[in-house]
Amino acid sequence: VPSTFLWRKTVEDLHVNSLLQRLRTNPLLWLQLLAVALAAFALFRPGYRDLSRSDSRRIFLLDSSASMQATDVTGASNRFELARQLIASEIDAMSDQDVAMLMTVSDRVDVLQSFTSDRRRLRDALVSAEVANRSIDMGAAIRAAEGLASVRKTVASDDNAESVAAVNEISSQMVLYSDGGFGDLSGIDLGDLKLTYTKVGTDAVTNLSIVAF
């Protein structure tokens, strides 16, 4: 009895083993490809951060002068470590919309971390901070913080549909952690900065050292 049944099976096996063949519509295959594409996209950690729309902009200023090595504090080995603990608490309390930067100041200013809302980067920068056997120049620190406080925003003009770039001074809060051994700051112009001073240590301690010879 003539039949093509066996021939059909042979042709199907031949198609399966061929290099070039038409891709069959398979919903499960498309779902798997979509899952792989989403996983690859997630590895790039896409996101957008707009500093101009942040709820809070703070500049953490950590005194790293020699006097911060005094041990007249409780809960830490010295003033510097206590100040670092206080800043760490402030960083942990930040929201996702808050941005901050971290600076250390002695006789020079070091920016350990520029403005960011990434709390992990701020913590890593705080861990890298080191105390120095130098005096302090708080005036230079405030002037540097004021220069870094401005943010460039894009605003639209009324008579032109195109957007134009303009520099807008957004109010920033400078949070200073120091033992207060930086003299009088009454003659320093803070500009738009709002200064919050947190004193670390006491005045009733004999704190003398040679920082230069």
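Residues numbered from 1 in each chain as written. Predicted model: local features only at pLDDT ≥ 70, side-chain atom pairs only at ≥ 80, totals over all residues. Heavy atoms only, no water.

1. A few points about the overall build of the protein chain
The number of helices and strands found in the protein chain is 5 helices and 7 strands. Written out in order from the N terminus, the α and β elements of the protein chain read α-α-β-α-β-β-α-α-β-β-β-β. Looking at the protein chain as a whole, 29% of its 213 residues qualify as buried. Across the protein chain, every contact between residues at least 6 apart in sequence was considered, and the portion connecting residues at least 24 apart equals 61%. (Helix = DSSP H or I, 4+ residues; strand = E, 2+ residues; numbered from the N terminus. Buried < 20%, exposed > 50% of the residue type's maximum accessible area, 1.4 Å probe, protein only. Contact = heavy atoms within 4.5 Å.)

2. A look at the environment of Val131
If you trace the backbone, Val131 turns up in the loop between α4 (119-128) and α5 (138-148). Residue classification places Val131 among the partly exposed positions, given a relative accessible area of 29%. Once the C-alpha coordinates of Val131 and Val105 are considered, the two residues, 26 residues apart in sequence, prove to be 9.4 Å apart. Setting aside its immediate chain neighbours within four residues, Val131 contacts Ser64, Ser65, Met68, Gln69 and Phe80.

3. Quick word on α4
Residues Leu122, Ala125 and Leu126 constitute the buried set of α4. Projected down its long axis, α4 shows its buried positions confined to an angular sector of 100°, all on one face. Where the residues of α4 are buried, they touch β1 (57-63), α3 (79-92), β2 (99-105) and β3 (109-116). Looking at where α4 begins, the residue whose side-chain oxygen comes 3.0 Å from the main-chain nitrogen of Arg120 is Asp118. (Arc of directions from axis to C-beta. Polar contact = N/O pair within 3.5 Å; in protein donor to acceptor, adjacent residues only side chain to side chain.)

4. Details of the environment of Ala132
The residue Ala132 is located in the loop between α4 and α5 in this model. Considering only alpha carbons, one finds Ala132 and Ser106, 26 residues apart in sequence, at a separation of 7.2 Å. With residues near it in sequence (within four places) discarded, Ala132 still touches Ser64, Ser65, Ala66 and Gln69.

5. Things to note about the sheet that holds β3
Taken in spatial order, the 5 strands of this open sheet run β3-β2-β1-β6-β7, and their pairing is mixed. Each of the sheet's edge strands pairs with one partner strand only, and the pair in question is β3 and β7 (194-199). Put simply, the sheet's adjacent strands are angled 15° from each other on average, direction ignored. For β1 and β2, the ladder comprises 7 bridges, and the chain directions are parallel. Counterpart to Leu61 in the pairing with β2 is Met103. Sitting on the sheet, α4 is in contact with β1, β2 and β3, with an inclination near 170° to β3. (Pairing = 2+ DSSP bridges. Axes fitted to C-alpha atoms, helices over the stretch in contact; angles between N-to-C directions.)

6. Quick notes on the nonpolar core
Among the nonpolar cores identified, the biggest contains 20 residues, and Phe60, Leu62, Ile87 and Ile91 are the most heavily contacted of them. Those elements that provide at least two residues to this core are β1, α3, β2, α4 and β6 (173-178). In terms of residue count, the dominant contributor to this core is α3 (5 residues). Once residues lying within four places of it in the same chain are set aside, the contact partners of Leu62 are Phe80, Ala83, Arg84, Ile87, Met103, Thr104, Val105, Leu126, Ala129 and Tyr177. Counting residues in hydrophobic clusters, the runner-up holds 16 residues, among them Val105, Phe115, Ala141 and Ala145. (Core = buried A, V, L, I, M, F, W, Y, C linked by side-chain atoms within 4.5 Å.)

7. Structural notes on the confidence of the model for the protein chain
The pLDDT averaged across the protein chain works out to 78; a share of 73% of its residues lies at or above 70. Note that residues 152-169 has pLDDT below 50 and, in this model, 21 contacts with residues that lie over four places away or in other chains. (pLDDT = per-residue confidence, 0-100.)

8. Focus: α5
One turn of an α-helix holds 3.6 residues; hence residues three or four places apart share an orientation. All of the buried residues along α5 are Met138, Gly139, Ala141, Ile142 and Ala145. Projected down its long axis, α5 carries its buried residues within an arc of 160°, all on one side. Pointing more than 90 degrees away from the buried face of α5 are the exposed residues Arg143 and Gly147. Buried residues along α5 sit against β1, β2, β3 and β6.

9. Details of the pairing of β3
With 5 bridges connecting them, β2 and β3 associate as antiparallel partners. Each bridged residue has a counterpart across the sheet, and for Leu102 the counterpart in β3 is Gln113.

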